[in-house]
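Listed below, chain by chain, are the residues.
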Amino acid sequence: MEYLLLIISAILVNNFVLSRFLGICPFLGVSKKISTALGMSGAVIFVIAIASAVTWCLQKYLLEPFGLEKFLQTLSFILVIAALVQLIDLVMKRFAPPLHAALGIFLPLITTNCAVLGVAVLNMKEGYGFIKSVLFGTSAAVGFAFALLIFTGLREKIERADPPRCFRGVAISLVTAGLLSLAFMGFSGLVK
């Protein structure tokens, strides 16, 4: 039951994009087409899940034993995330060139996506064990993907609509993101 609550909390209640407002850059930048949103979602899920495992091991077996967690935690976590993103970049360039081209600059920006670093740091702050860290990280990434795919679907639908001139483009996207965030805040009483 504890794991189920952790999953529901990370996906719906404390969604990194719509409740914590982390990872907004790729959320807004890659949400024009469902194909690119799916590619970004897969990449973010992979990076956050693996980064959660690797950063937990790094923290417990290297930083804490030597008393370096206060000094090198953020730097070492960013290096791990950057290495994982480079791995994904190479794999996508080799095996999925159209998706790699569609993601463009947003793929390397996963390195600086504050949601990825936020998950790693929150895992340490909450004192999660290895399994909880990986489960929380994966669930948070699935929540990111869930929000991104819903938002992308809404943006595609709005593109075919005829909003008033003053709401076209970025304005309607921001209004839509705000309304989606309000909808997700309705889950706030579900899990503490």
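Counting restarts for each chain, with residues numbered from 1 along the sequence as it is written. This being a predicted model, a pLDDT of at least 70 is required before a residue's local features are given, and a value of 80 or more before pairs of side-chain atoms are given or counted; all residues contribute to the totals for chains, interfaces and linings. Where side-chain values are given, they derive from all heavy atoms of the structure, hydrogens and water being excluded.

## Here's the deal with helix α1 (residues 2-13)
- In this scheme, a residue with accessible area under 20% of its type's maximum is buried, one over 50% is exposed, and one in between is partly exposed, where area comes from a 1.4 Å probe on protein chains only. Working definition: helices are DSSP H or I runs of at least four residues, strands are E runs of at least two. Numbering for both runs from the N terminus. Turning to α1, its buried residues number three or more, namely L6, S9, A10, I11, L12 and V13.
- In this fold, the buried residues of α1 make contact with α7 (130-160) and α8 (170-185). Residues count as neighbours in contact if any of their non-hydrogen atoms are within 4.5 Å of one another.

## Side note on the packing of helix α6 (residues 114-126) against α7
- Axes here refer to lines fitted to C-alpha atoms; in helices the fit is confined to the stretch in contact. Angles between the N-to-C directions go from 0 to 180 degrees. Contact geometry for α6 and α7: axes closest at 10 Å, N-to-C directions at 150 degrees. Once α6 is placed against α7, the crossing between them reads as right-handed. Contacts between α6 and α7 involve V119, L122 and N123 from the first element and S133, F136, G137 and A140 from the second.
- Under this grouping Gly is polar, as are all residues other than the nonpolar Ala, Val, Leu, Ile, Met, Phe, Trp, Tyr, Cys and Pro and the charged Asp, Glu, Lys and Arg. Residue classes in the contact of α6 with α7 are distributed as four nonpolar, three polar and no charged. Less than a right angle of anticlockwise turn of the near helix away from the far helix marks a crossing as left-handed, whereas a clockwise turn marks it as right-handed.

## Some thoughts on the state of the cysteines
- Here, a disulfide means two cysteine sulfur atoms that sit within 2.5 Å of each other. Scanning the entire structure with this criterion turns up zero disulfides.
- In this structure C25 is not part of a disulfide, and its nearest cysteine sulfur, from C114, lies 9.1 Å away.

## Focus: the packing of aromatic side chains
- Each Phe, Tyr or Trp ring, with Trp reduced to its six-membered ring, pairs with another whose centre is within 6.5 Å; inter-plane angles below 30 degrees give stacked pairs, above 60 give edge-to-face pairs, and intermediate values give tilted ones. Under the counting rule described, the total for this entry stands at seven aromatic pairs.
- Taking 4.5 Å as the distance between ring centres and 20 degrees as the angle between the ring planes, the aromatic pair formed by F27 and F151 counts as stacked. Separated by 124 residues along the polypeptide, F27 in helix α2 (residues 24-29) and F151 in helix α7 bring together distant segments of the chain.
- On the accessibility criterion, F27 (2% relative accessible area) is buried.
- The interplanar angle of 70 degrees and the centroid separation of 5.5 Å between the aromatic rings of W56 and F130 together place this pair among those described as edge-to-face. Within this pair, whereas W56 is found in helix α3 (residues 34-63), its partner F130 is found in helix α7, the two being separated by 74 residues in sequence.
- In textbook terms, an aromatic cluster arises when at least three aromatic residues are bridged by ring pairs, as seen for F16, Y128 and F136.
- By the criterion adopted, a ring carries a charge over it if an Arg CZ or a Lys NZ lies within 6 Å of its centre and within 35 degrees of its normal. When the ring centre of F95 is taken as origin, the NZ or CZ atom of R94, which lies over that ring, is 5.5 Å away.

## A word on the environment of V191
- Note on placement: V191 falls in the segment after α8.
- Considering only alpha carbons, one finds V191 and F21, 170 residues apart in sequence, at a separation of 18 Å.
- Residue contacts for V191: discarding those within four places in its chain leaves L5, I8, S9 and V13.

## Some remarks on the packing of α7 against α8
- The N-to-C vectors of α7 and α8 enclose an angle of 135 degrees; their axes lie 10 Å apart at closest approach. Considering their axes alone, α7 and α8 lie oblique with respect to each other. Once α7 is placed against α8, the crossing between them reads as right-handed. Residues F146, A147, I150, F151, L154, R155 and I158 of α7 pack against I172, S173, T176, A177, L180 and F184 of α8.
- Partitioned by chemical class, the residues of the contact of α7 with α8 number 10 nonpolar, two polar and one charged. Angles are sorted into four bins: roughly parallel if under 35 degrees, roughly antiparallel if over 145, roughly perpendicular if 65 to 115, and oblique for all others.

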